Amino acid sequence: MAAMVVLGLENVKSGPKQRAKYRNQKIVVDNITFDSKKEAKRYQELILMQKAGLITDLKRQVQFTLVPAFNLNKKRYRNMSYIADFTYKQNGKEIVEDTKGYRTEVYRIKKKLMAYIYKIEIKEV
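Rules used throughout
- Residues numbered from 1 in each chain as written.
- Predicted model: local features only at pLDDT ≥ 70, side-chain atom pairs only at ≥ 80, totals over all residues.
- Heavy atoms only, no water.
- Helix = DSSP H or I, 4+ residues; strand = E, 2+ residues; numbered from the N terminus.
- Buried < 20%, exposed > 50% of the residue type's maximum accessible area, 1.4 Å probe, protein only.
- Areas by Shrake-Rupley, 256 points an atom, 1.4 Å probe, with all protein chains shown as cover.
- Salt bridge = Lys/Arg side-chain N within 4 Å of Asp/Glu carboxyl O.
- Pairing = 2+ DSSP bridges.

Here we take up the overall build of the protein chain. The secondary structure content of the protein chain amounts to two helices and ten strands. In sequence order, the secondary structure elements of the protein chain are arranged as β-β-β-β-α-β-β-β-β-β-α-β. Split into buried and exposed, the 125 residues of the protein chain put 31% on the buried side. On the protein chain, roughly 8,900 Å² of surface is accessible, and the fraction owed to carbon and sulfur atoms is 51%.

See the structure below:
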């Protein structure tokens, strides 16, 4: 993999060229693979914000269960979850953040379920 600098990102590697569903390009920053350049750039911004003391407890790929797995009429249904790009605390409040380029119908449903179940509005960047 060849190293490259994109959007002011340092220590960045891009993977092999393949057509992504939503035209995003996977990218590696600091040995972490991100689904898009936009997500990688936001990660670097959040790291700087954490170092500056503006946010705390930064986490990536945090899973929230929206519907637990269950059985009905001898059929097993898998759980449904939402995986946040980032979570962190800002001024004592938990922030759940998603870097969005395209809002699918499934994402819209999960966003509404997050608001209903967890009382959390997803911050879209």
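Once the structure has been displayed, the description carries forward.
This part covers the pattern of salt bridges. Tallied over the full model, the rule gives eleven salt bridges. Connected via shared salt-bridge partners are Arg42, Glu45, Glu97 and Lys123.

Sheets are built from strands paired through backbone hydrogen bonds, the pairs being either parallel or antiparallel. Taken together, four strands build an open sheet; the order of strands is S5-S8-S9-S10 and the sheet is mixed. One side of each edge strand has no neighbouring strand; the edge strands of this open sheet are strand S5 (56–67) and strand S10 (123–124). Across eight bridges, S5 lies against strand S8 (residues 80–90) in antiparallel orientation. Bridging from a neighbouring strand, Thr65 pairs with Ser81 of S8.

Attention now goes to the pairing of S8. Inspection of the sheet shows S8 paired to strand S9 (residues 93–98) by five bridges, in the antiparallel sense. The partner of Gln90 across the bridge, within S9, is Lys93. Here S8 folds back onto S9 in antiparallel fashion, the turn holding two residues, of which Asn91 has a positive phi close to 55°.

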